[in-house]
Amino acid sequence: MNGIVDTEKDVKLLRENGIILNRLNSDAEVANLWNGITKSIRLTKVPHIDIVIEDVNKYYNSRWRVKYWKNEKLNVFGSWQFLTFMATIMLLLLTALQAFCSVYDCRKHHHGSSYD
């Protein structure tokens, strides 16, 4: 956003086109807010810190608890949507079968066993 929002005119243009929502007092305050945010963030790349972060992530991801939890999230919790869908379909089919059997006597159509 640093290259997009520099002045009050930029904010006005973005606000009029519905890209941003201004709930501050003026467009100048929004421009100052964006410019202040970008000044406070350093965009430097420090190789030593990147290496340390990579090493910490490798160590963390190699732990058995983390591997187990990621597997659980992927395989168990990820399948709940599918299982819920299948249970819903099964419930609807059983409800339809029950409705059919309440209208038409299913016992006389079932030839394999006698219920009487």
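A short tour of the structure in this document, coming up. (Residues numbered from 1 in each chain as written. Predicted model: local features only at pLDDT ≥ 70, side-chain atom pairs only at ≥ 80, totals over all residues. Heavy atoms only, no water.)

What follows deals with the overall build of the protein chain. Across its full length, the protein chain carries six helices and zero strands. For the protein chain, the sequential pattern of α-helices and β-strands runs α-α-α-α-α-α. In the protein chain, 26% of the contacts between residues at least 6 apart in sequence involve partners at least 24 apart. Taken as a whole, the protein chain presents about 10600 Å² of accessible surface, with 62% of it coming from carbon and sulfur. (Helix = DSSP H or I, 4+ residues; strand = E, 2+ residues; numbered from the N terminus. Contact = heavy atoms within 4.5 Å. Areas by Shrake-Rupley, 256 points an atom, 1.4 Å probe, with all protein chains shown as cover.)

The next point concerns the side chain of aspartate 27. By the secondary structure assignment, aspartate 27 is in helix H2 (residues 27–40). On the accessibility criterion, aspartate 27 (11% relative accessible area) is buried. Ignoring sequence-local partners within four residues, the contact set of aspartate 27 consists of Glu8, Val11, Lys12, Arg15 and Asn22. (Buried < 20%, exposed > 50% of the residue type's maximum accessible area, 1.4 Å probe, protein only.)

Coordinates in, geometry out; function isn't part of it.
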